Amino acid sequence: YGIPEYRLPKAVLDKEIKLIEDMGVTLNNNVNIGKDISFEQIKNDFDATLVAIGAWNSSKMRVTGEELDGVWGGIDFLREVALGNKPEIGKNVAVCGGGNTAMDACRVAVRLGAENVYVIYRRTKDEMPADPQEILESEEEGVIYKYLTNPIEFTGINGKLNGVILQKMELGEPDESGRRRPVAIEGETETIELDSVIMAIGQYPNLTGFECLEATRKNTISADESRFTTSLQGVFAVGDMRVKPLRQIVTAVSDGAVAAKFAEEYIDLH
């Protein structure tokens, strides 16, 4: 639901899922773990369990005005579009972030008819974690990049967003990631009129129903990075909800394939 139609057409996905069904896999859809069934029951009913729930909560920016109508979480926005809805985003849209979710969001905004789409990123183009090809293609589609800027306030009237105040930045010394840390330039700001803002600065899992699994401080499931084992015997965890997010769909698929082999090995040994 977070992958835009232009990147992964639903008709192609349907064929892929049909192949899986034809192999004999049973799909139990529309089941809410923790509500319709407990995770403990699933664990007891099966010899091995693989958890792949993804990261479906959008991270907050902790910026004044986040609660305004017209401010979206990145994954929330993409899911809404994937469900076949057309969010009213207006003509002037800003996307905050520099990863691939930000690229998906800005390019989808263009396809929804926005006339001015900005990407707000607090570092330079060289530090952006997004795929360079994605950046290039978004530029070709008319996306405007506001490098070395960071939102300090979303403004609005009667509860509706109407703009953003950007703090201008410069690069200082490298941080723990090895990238140069963005530092605010005192007294230098810029204001942009907006109809919508899409915050694509990160995601984290919703672990409701999975409380029996040990979690990390970052609210991901604690799992061995090579064998995918969790704190519970016979339970494996893969994808964006384990310790290190994968960022790419193809690596998530690979994650699942490798983990399935470890699950099969576990079953053979027990």
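Everything discussed here concerns the structure shown above.
Residues numbered from 1 in each chain as written. Predicted model: local features only at pLDDT ≥ 70, side-chain atom pairs only at ≥ 80, totals over all residues. Heavy atoms only, no water.

Trainee: For this particular structure, what's the right way to read the overall build of the protein chain?
Mentor: Counting secondary structure elements, the protein chain contains six helices and twelve strands. For the protein chain, the proportion of its 270 residues judged to be buried stands at 38%. Only carbon and sulfur atoms are counted for the fraction: they give 48% of the accessible area of the protein chain, which is about 15,600 Å². Here the protein chain holds 29 positive side-chain charges and 44 negative ones, and the gap between their average locations is 2 Å. (Helix = DSSP H or I, 4+ residues; strand = E, 2+ residues; numbered from the N terminus. Buried < 20%, exposed > 50% of the residue type's maximum accessible area, 1.4 Å probe, protein only. Areas by Shrake-Rupley, 256 points an atom, 1.4 Å probe, with all protein chains shown as cover. Lys, Arg positive; Asp, Glu negative; His and termini not counted. Charge placed at Lys NZ, Arg CZ, Asp CG, Glu CD.)

Trainee: What is the right way to read helix 4 (residues 100-111) from this model?
Mentor: An α-helical segment advances 3.6 residues per turn. Residues three or four places apart therefore align on the same side. For helix 4, with twelve residues, the first-to-last C-alpha span of 17 Å sits near the 16 Å given by 1.5 Å per residue. Helix 4 sits mainly inside the fold: nine of its twelve residues count as buried. For helix 4, the set of buried residues is Asn100, Ala102, Met103, Asp104, Ala105, Cys106, Arg107, Val108 and Ala109. The elements touched by buried residues of helix 4 are helix 3 (74-82), strand 4 (92-96), strand 5 (116-121), helix 5 (132-140), strand 6 (144-147) and strand 10 (196-199). Positive phi shows up at Gly113, right after helix 4, with a value of about 105°. (Expected span 1.5 Å × (residues − 1). Contact = heavy atoms within 4.5 Å.)

Trainee: Quick question: what am I supposed to make of the packing of helix 3 against helix 4 here?
Mentor: Two quantities define a packed helix pair, namely the angle between the helix axes and the distance between the axes. As a packed pair, helix 3 and helix 4 sit with axes 10 Å apart at the nearest point and diverge in direction by 45°. Judged on the interaxial angle alone, helix 4 and helix 3 are oblique. Judged by the twist between their axes, the crossing of helix 3 over helix 4 is left-handed. Note on element contacts: helix 4 touches helix 3 through Thr101, Asp104, Ala105, Val108 and Ala109, opposite Gly74, Phe77, Leu78 and Val81. For the contact of helix 3 with helix 4, the residue count by class is six nonpolar, two polar and one charged. (Axes fitted to C-alpha atoms, helices over the stretch in contact; angles between N-to-C directions. Parallel < 35°, antiparallel > 145°, perpendicular 65-115°, else oblique. Left-handed = near helix turned anticlockwise from the far one by under 90°. Nonpolar A, V, L, I, M, F, W, Y, C, P; charged D, E, K, R; others polar.)

Trainee: Teacher, can you tell me more about the packing of aromatic side chains here?
Mentor: To describe a pair of aromatic rings, one takes the distance between the centres and the angle between the planes. As enumerated under the stated definition, the model contains five aromatic pairs in all. Ring geometry for Tyr145 versus Tyr147: centroids 5.3 Å apart, planes at 20°, classification stacked. When its relative accessible area of 24% is taken as the criterion, Tyr147 is described as partly exposed. Seen in terms of ring centroids, Phe228 and Phe262 are 6.3 Å apart; in terms of plane orientation they differ by 50°. Their pairing is tilted. With Phe228 in the loop between strand 11 (203-204) and strand 12 (235-237) and Phe262 in helix 6 (residues 249-269), this pair connects stretches of sequence that are 34 residues apart. The buried category is assigned to Phe262, whose relative accessible area is 18%. (Phe/Tyr/Trp six-rings, centres within 6.5 Å; stacked < 30°, edge-to-face > 60°.)

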